[in-house]
Amino acid sequence: MASEYILELQNVSKRFGSAIALRDVTLRLRRGEVHCLLGDNGAGKSTLIKTLAGVHKPSSGAFRVDGAAVEFESPRQALDRGIATVYQDLALVPLMSIARNFFLGREPVKTRFGVFPALDTATMAEVAADRLRNMGILIRDANQPVGTMSGGEKQCLAIARAIHFGARVLILDEPTAALGVRQSFNVLKLIHHARDQGISVIFITHNVHHAYPIGDTFTLLNRGVSVGTYAKDAISKDEVLDIMAGGTEMQKLMSELDGVAV
Amino acid sequence: MSRQPLIAIKEPVADASAAGTARAAAPERDDRVQQQSLLHRFMGRPESASIAGALLVFAIFGYAASGSGMFALDGILNWQTVAAYLGIISIGACLLMIGGEFDLSMGSMIGFAGMMIAIPPLYFHWPVWLSVLVAFVGCLALGWLNGYLVIKTRLPSFIVTLAFLFILRGLSLALSIHFTNRTIVSGIGALAAEDWLAGALFVGTVGEDLFNWLAAHGMVAMTSDGTPVVHGVPKVILWWGVLLVCSSLVLSFTRIGNWIYAVGGDANAAKNVGVPVKAVKTSLFMFTAFCACLFATLQVCDIGSAAADRGLQKEFEAIIAAVIGGTLLTGGYGSVVGASVGALIFGVVQIGITYTDANSDWFRVFLGLMLLVAVIFNNFVRRRVTESR
């Protein structure tokens, strides 16, 4: 039972009609590691996450959780196994309060006056503020609307929510893509924090500068094929960048651009 | 896996300890929350502007209509009744708007429901309670159909319900002509008063004994024949109150209320966290239909007749009341208390203007201006809420 890997894709392919989105991809996620999934646009990152999240079923290959084969029919089932995906849109409602967003769809209810099933607003505000504080985010009031938070704080709220509701594996879809330098840094800190709590993280990005400092392992995707998985001590940042962008091709392009600049 | 990479993120670790010190300072920040004054918190509520508007309207009419009897007991019940009718449908419109949709067929549904209630007892000898029941079932089915079509076609509810505005108005006319050869069906009042269900719930007033007692002790004015000027509180006002309290509690303190805000604020996000978006929206369409039918039932029982043109433009009045009450046209934000205050402003202005020397044509001008100011203000509120600080 105690498999070394919490999540495992082995030789997974995914076809949509005649289009091949993923071909023979193998990805192994160790317990408590941050596994960076790198690739340029169209590399198959989204298809891979959606396969892990239970949105798509692999056309062929094995999908194992805790060493046992699984076949998810819906994202809900993946969630029940503790695999939570935070997509780029974050699934937050800007006009609603932090506390209400935190518990949206899973609100705690307390019976008032013997009959009235009321929201337990005190617990909601308390827990939401507490979980965010654990992430190093201080909020003035859990009843303020989410719309007043910064992009980085919203990302953190979405992640904190996933962790609170029992995520063992956190799949983060480009969490730093829309953020500024400082906010990206806060999200990276949060990923670090999640790992400290024993949560395994799959961090999808095309930004090597964000992935390299935080990642333990790197899987590189290119045109639906895994180019390889590397432990951090086996590869340098420049090498990662090279492989991602297609190596020599990129160097050629760079030199061309340099030529223009000069 | 080694923890080697941690070395590479020295800065985050250093910063984490900084966060630790900030955490120690957390109680100070919590204190600041308590310093927020009650006034400040009140200003942050969606209905605050409408309450201020209502006070302004009361002040204006208190001055302009002083000594006219507008604020005597019978005068109060006069404009309260107008406000209560509108309040009932504005609560439905408000909840639906918070849920991100519109229902323009409400006004037509009032006319249609009125005919469904009045024609069967008069022409087919149904008991009134049965025709009322059938009207409610029919309206709920129409509300469900509105919701189903909006969700299935993914068209704006504005268009789908606009179609039903015409369909239902046309049906009311065509069917009443077909069955009765007229567009105003009267004579239902006596039947309704005798009916156990309609008589108990919809016809007349409550609290007659109280008013008689008050009159006998000189606290309420009496007419020359010794009965109090006010016989009791019209039941429509009680219905409005009950509906207001119930919907307000549901909206603010239950899971359903949370889901209503969520489907209007961002339906996709709501769906992704497991909120049953379709069921919530369909129920809201059914609730507005329920409110329209309740309006029609009370009106038919009160006036004693049904007419095919009843409820004309009521859909707009309901939406205006909701908007004056702070509900956003784009959904996700608002309050039924605000919508009810909006309806109250409507009632005060519409009836109050007849107590003054002003020409009652100014009523619409005033309402239009009120709406404009409310929309501009709401837009400002939304920007303040959704933009990062």
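Owing to the predicted nature of the structure, the values given are computational and were not obtained by experimental measurement.

Asker: Please give an account of the packing of helix H5 (residues 151–164) of chain A against helix H6 (residues 181–196) of chain A that cites residues and values.
Answerer: Residue and element names in this part refer to chain A. Closest axis-to-axis distance for the H5/H6 pair is 8 Å, and the angle between their directions is 15°. With respect to each other, H5 and H6 are oriented roughly parallel. Note that H5 runs across H6; the crossing there is right-handed. Residue-level contacts link Gly151, Gly152, Gln155, Cys156, Ile159 and Ile163 of H5 to Gln183, Val187, Leu190 and Ala194 of H6. Residue composition of the contact of H5 with H6, by class: 6 nonpolar, 4 polar and no charged.

Asker: Account for the confidence of the model for chain B, naming residues and giving values.
Answerer: All names here are of chain B. The predicted model of chain B averages 85 in pLDDT, with 87% of residues at 70 or higher. At the low end of the mean pLDDT range in chain B sits helix H1 (residues 10–24), at 40; at the high end sits helix H7 (residues 128–153), at 96. Every residue in residues 1–34 is under pLDDT 50, and counting partners more than four places away or in other chains gives 35 contacts. Reported confidence for the predicted complex is 0.79 by ipTM and 0.83 by pTM.

Asker: Report on the confidence of the model for chain A, specifying residues and quantitative values.
Answerer: Averaged over chain A, the pLDDT score is 84; the fraction of residues at 70 or greater is 94%. For chain A, helix H9 (residues 248–261) of chain A is the element with the lowest average pLDDT, namely 65, and helix H3 (residues 98–102) of chain A is the one with the highest, namely 93.

Asker: Talk me through the pattern of salt bridges; I want residue IDs and the actual numbers.
Answerer: Residue and element names in this part refer to chain A. On inspection of all chains with the given rule, the structure shows 15 salt bridges over all chains. The closest approach of N and O atoms between Arg30 and Glu4, which form a salt bridge, is 2.9 Å. On the criterion of sequence distance, the pair formed by Arg30 in strand E2 (residues 19–30) and Glu4 in the segment before strand E1 (5–16) is long-range, its members being 26 residues apart. Since its relative accessible area comes to 24%, Arg30 is described here as partly exposed. Using a relative accessible area of 47% as the deciding quantity, one classes Glu4 as partly exposed. In this structure, Asp130 engages Arg131 in a salt bridge whose closest nitrogen and oxygen atoms are separated by 2.5 Å. Beyond isolated ion pairs, a larger network of salt bridges with shared partners links Arg31, Asp66, Arg81 and Arg168.

Asker: Before we move on, can you summarise the state of the cysteines with the specific residues and values?
Answerer: All names here are of chain B. As enumerated under the stated definition, the model contains 0 disulfides over all chains in all. Among the cysteines around Cys301, which has no disulfide bond, Cys293 carries the closest sulfur, lying 11 Å off. The exposure class assigned to Cys301 is buried, which follows from its relative accessible area of 5%.

Asker: Could you give an account of the nonpolar core, with specific residues and numbers?
Answerer: Among the nonpolar cores identified, the biggest contains 110 residues, and Leu104 of chain A together with Ile88, Phe202, Val275 and Ile345 of chain B are the most heavily contacted of them. When residues in this core are grouped by element, the largest group, 15 residues, is from helix H5 (residues 73–98) of chain B. The contacts of Phe202 of chain B, once residues within four sequence positions are left out, are Val132, Phe136, Leu197, Lys235, Trp239, Leu294, Thr297, Leu298 and Cys301 of chain B. In this structure, Cys36, Leu92, Phe203 and Phe218 of chain A belong to the second largest nonpolar core, which totals 52 residues.

Asker: Break down a positive patch on the surface for me, citing the residues and quoting the values.
Answerer: Residue and element names in this part refer to chain B. Positive charge collects at one region of the surface, where Lys152, Arg154, Lys271 and Lys278 lie side by side. Along the chain, Arg154 turns up in the loop between H7 and helix H8 (157–180). We classify Arg154 as exposed; its relative accessible area is 75%.

Cut-off values and rules
- Residues numbered from 1 in each chain as written.
- Chains lettered and ligands numbered in written order.
- Predicted model: local features only at pLDDT ≥ 70, side-chain atom pairs only at ≥ 80, totals over all residues.
- Heavy atoms only, no water.
- Axes fitted to C-alpha atoms, helices over the stretch in contact; angles between N-to-C directions.
- Helix = DSSP H or I, 4+ residues; strand = E, 2+ residues; numbered from the N terminus.
- Parallel < 35°, antiparallel > 145°, perpendicular 65-115°, else oblique.
- Left-handed = near helix turned anticlockwise from the far one by under 90°.
- Contact = heavy atoms within 4.5 Å.
- Nonpolar A, V, L, I, M, F, W, Y, C, P; charged D, E, K, R; others polar.
- pLDDT = per-residue confidence, 0-100.
- Salt bridge = Lys/Arg side-chain N within 4 Å of Asp/Glu carboxyl O.
- Buried < 20%, exposed > 50% of the residue type's maximum accessible area, 1.4 Å probe, protein only.
- Disulfide = S-S within 2.5 Å.
- Core = buried A, V, L, I, M, F, W, Y, C linked by side-chain atoms within 4.5 Å.
- Patch = residues over 30% accessible without salt bridge, like charges linked within 9 Å, V, L, I, M, F, W, Y side chains within 5 Å.
- Areas by Shrake-Rupley, 256 points an atom, 1.4 Å probe, with all protein chains shown as cover.
- Lys, Arg positive; Asp, Glu negative; His and termini not counted.
- Charge placed at Lys NZ, Arg CZ, Asp CG, Glu CD.

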